[in-house]
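Letter by letter, the chains look like this.
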Amino acid sequence: ISDMKNSIYNKDEAFQLFRKRVDTYQKNKMMRKRLRWKIVYKYVAFISIIGFISYFSYWRGKSNLKNVLTETGIEVETPIGSQTRLRLPDGTIVILNAGSRIIYPQNFGVYNRDVELQGEGYFEVARNIEMPFYVKTKELQVRVLGTKFNFRDYPEDKEVVVSLLEGRIVLNNQLQREEELLLLPNEQVILDKRVKTMKKEWKRDGINIEWITGRLFFDEIPLPEVAQILERNYGVRIKFANDALKKIRFYGNFNKNDQSVRDILEALSATEKVHYTLNDKEIILY
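Residues numbered from 1 in each chain as written. Predicted model: local features only at pLDDT ≥ 70, side-chain atom pairs only at ≥ 80, totals over all residues. Heavy atoms only, no water.

### Here's the deal with the nonpolar core
With 27 residues, the main nonpolar core has Phe123, Phe149 and Phe151 as its most contacted residues. In contact with phenylalanine 123, not counting residues within four places along its chain, are Ile93, Val94, Ile102, Val115, Leu117, Phe133, Val135, Thr147, Lys148, Phe149 and Phe151. (Core = buried A, V, L, I, M, F, W, Y, C linked by side-chain atoms within 4.5 Å. Buried < 20%, exposed > 50% of the residue type's maximum accessible area, 1.4 Å probe, protein only. Contact = heavy atoms within 4.5 Å.)

Rendered as structure tokens:
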């Protein structure tokens, strides 16, 4: 009889057991749901961090690239005794004279049109009214929109000379504060490096830039200047036996493609004011 009593179904106990199972199921379900959301949040956070890093890296990289392109310049140098012709990315044509060099940024034409010059260069600037073209040396800066001009500024020269063929240019003295000068065709500016001032003059017979075709034109210029031009174009060294020769002025028109330095020295000697000795690449004037 006792076995029969124990085997009798207890509904209260069964209900309590059912509730425990339901509660356990609900708890497990909530835990699984929370775990899923934690995983989702973790992935969202991970993706957000990756996205932020990628975005930051992109702009940082772009900024660094811009800085590199700006700071890293392209340099073109012309050896003594030769000329170099080049076309800049904006279409501007530049002819560099012997012993000259030009530097411009890799982003030239994108953010600016700035070039640095040492020596002598002839420029045919492509017109762009939204982005002026600048040529700068230690002594003088030229600003143009589109024009043709010649810029000579060798470190050893006492003067900077800028001559305009077409259009107009604006010049700014870099040695001292001075009013900027506007230059028109057939005008040129001479900046005296010693007194640090600019002087404008009009060339009645036009601007002479025959050097770009290989011609050497000496228009009553002092002999030391003649010597410098010959040194750059022929790769020679010229010395003066006495300072009195430096006051002599010389006129002549030659073509270095057809005439040697000896031909020019013979023309100098024909004036009977100057004589010379030539030993390999060294010349002594007396």
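### Looking at helix 4 (residues 261–270)
Three or more residues of helix 4 are buried, namely Val261, Ile264, Leu265, Leu268 and Ser269. Along the axis of helix 4, the buried positions cluster into a sector of 145°, meaning they face one direction only. A positive phi of about 65° marks glutamate 272, the residue just after helix 4. (Helix = DSSP H or I, 4+ residues; strand = E, 2+ residues; numbered from the N terminus. Arc of directions from axis to C-beta.)

### Considering the layout of surface pockets
Approximately 1,300 Å³ is the volume attributed to the largest pocket. Lining the largest pocket are 40 residues, with Arg152, Val161, Ile221, Glu225 and Ile229 positioned closest to its centre. For the lining of the largest pocket, the secondary structure elements donating two or more residues are strand 8 (148–153), strand 9 (159–166), strand 12 (187–192), strand 14 (215–222) and helix 3 (223–234). It is strand 14 that provides the largest number of residues to the lining of the largest pocket, a total of 8 residues. The space that makes up the second largest pocket amounts to roughly 260 Å³. What lines the second largest pocket is Arg101, Ile103, Glu116, Leu117, Gln118, Lys136, Thr137, Lys138, Glu139, Asp153, Pro155 and Lys193. For the lining of the second largest pocket, the elements supplying multiple residues, two or more each, are strand 4 (101–105) and strand 5 (114–124). Looking at side-chain class alone, the lining of the second largest pocket contains 3 nonpolar, 2 polar and 7 charged residues. (1 Å grid on protein atoms, 1.4 Å probe; cavity = no way out; pocket = protein on both sides within 12 Å on 5 of 7 lines; lining within 4 Å. Points joined across faces, edges and corners; volume = space filled by probe spheres on them. Nonpolar A, V, L, I, M, F, W, Y, C, P; charged D, E, K, R; others polar.)

### Focus on the confidence of the model for the chain
Mean pLDDT for the chain: 84, with 75% of residues reaching 70 or above. Below pLDDT 50 for its whole length, residues 1–7 participates in 0 contacts with residues either more than four positions away or in separate chains. Under a pLDDT of 50 for its full length, residues 52–59 has, in the predicted model, 0 contacts with residues more than four places off or in other chains. (pLDDT = per-residue confidence, 0-100.)

### Examining the sheet that holds strand 17 (residues 276–279)
Ordered by their spatial adjacency, 3 strands build an open sheet running 15-18-17, and the pairing between neighbours is mixed. Strand pairing shows two members of the sheet lacking a second neighbour, strand 15 (237–240) and strand 17, which therefore form its edges. Strand-to-strand twist of the sheet, defined as the mean angle between neighbouring strand axes without regard to direction, takes the value 15°. Two elements, strand 15 and strand 18 (residues 282–285), share 4 bridges in a ladder whose sense is parallel. By the bridge assignment, phenylalanine 240 is partnered in strand 18 with leucine 285. Running at roughly 160° to strand 15, helix 3 makes contact with strand 15 and strand 18 of the sheet. (Pairing = 2+ DSSP bridges. Axes fitted to C-alpha atoms, helices over the stretch in contact; angles between N-to-C directions.)

### Details of unusual backbone geometry
In terms of backbone geometry, most residues other than glycine have negative phi values and most peptide bonds are trans. In this structure, glutamate 272 is a non-glycine residue whose phi angle is positive, near 65°. By the secondary structure assignment, glutamate 272 is in the loop between helix 4 and strand 17. In this structure, aspartate 280 takes a positive phi of about 60° despite not being glycine. Along the chain, the position of aspartate 280 falls in the loop between strand 17 and strand 18. Taking relative accessible area as the criterion, aspartate 280 reaches 67% and is therefore assigned exposed.

### Things to note about the side chain of asparagine 172
Relative to the elements of secondary structure, asparagine 172 occurs in strand 10 (residues 169–173). Taking relative accessible area as the criterion, asparagine 172 reaches 18% and is therefore assigned buried. The residues touching asparagine 172, leaving out its near neighbours within four places in the chain, are Glu139, Leu140, Gln141, Arg143 and Glu180.

### Some thoughts on the pattern of salt bridges
Going through the model one piece at a time under the given rule, you end up with 14 salt bridges. Among the ionic pairs, glutamate 210 bridges to arginine 215, the shortest N-O distance being 3.7 Å. Arginine 215 gets classed as partly exposed once you look at its relative accessible area, which sits at 28%. Note that glutamate 282 and lysine 239 form a salt bridge whose closest N and O atoms lie 3.7 Å from each other. With glutamate 282 in strand 18 and lysine 239 in strand 15, this pair connects stretches of sequence that are 43 residues apart. Given the relative accessible area of 23%, glutamate 282 is considered partly exposed. On the basis of relative accessibility, which here comes to 43%, the residue lysine 239 falls in the partly exposed class. Here the salt bridges share partners, and the residues they tie into one network are Arg152, Glu156, Asp157 and Arg232. (Salt bridge = Lys/Arg side-chain N within 4 Å of Asp/Glu carboxyl O.)

### Some points on the packing of aromatic side chains
Summed over the entire model, instances satisfying the criterion amount to 8 aromatic pairs. Centroid distance phenylalanine 217 to tyrosine 251: 5.8 Å. Interplanar angle 85°. Geometry classified as edge-to-face. Placement of the pair is phenylalanine 217 in strand 14 and tyrosine 251 in strand 16 (residues 249–255), with a sequence separation of 34 residues. Relative accessible area serves as the criterion here: at 27%, phenylalanine 217 is assigned to the partly exposed category. Ring centres of phenylalanine 218 and phenylalanine 254 lie 6.1 Å apart, and the angle between their planes is 55°; on these two criteria the pair is classed as tilted. Placement of the pair is phenylalanine 218 in strand 14 and phenylalanine 254 in strand 16, with a sequence separation of 36 residues. (Phe/Tyr/Trp six-rings, centres within 6.5 Å; stacked < 30°, edge-to-face > 60°.)

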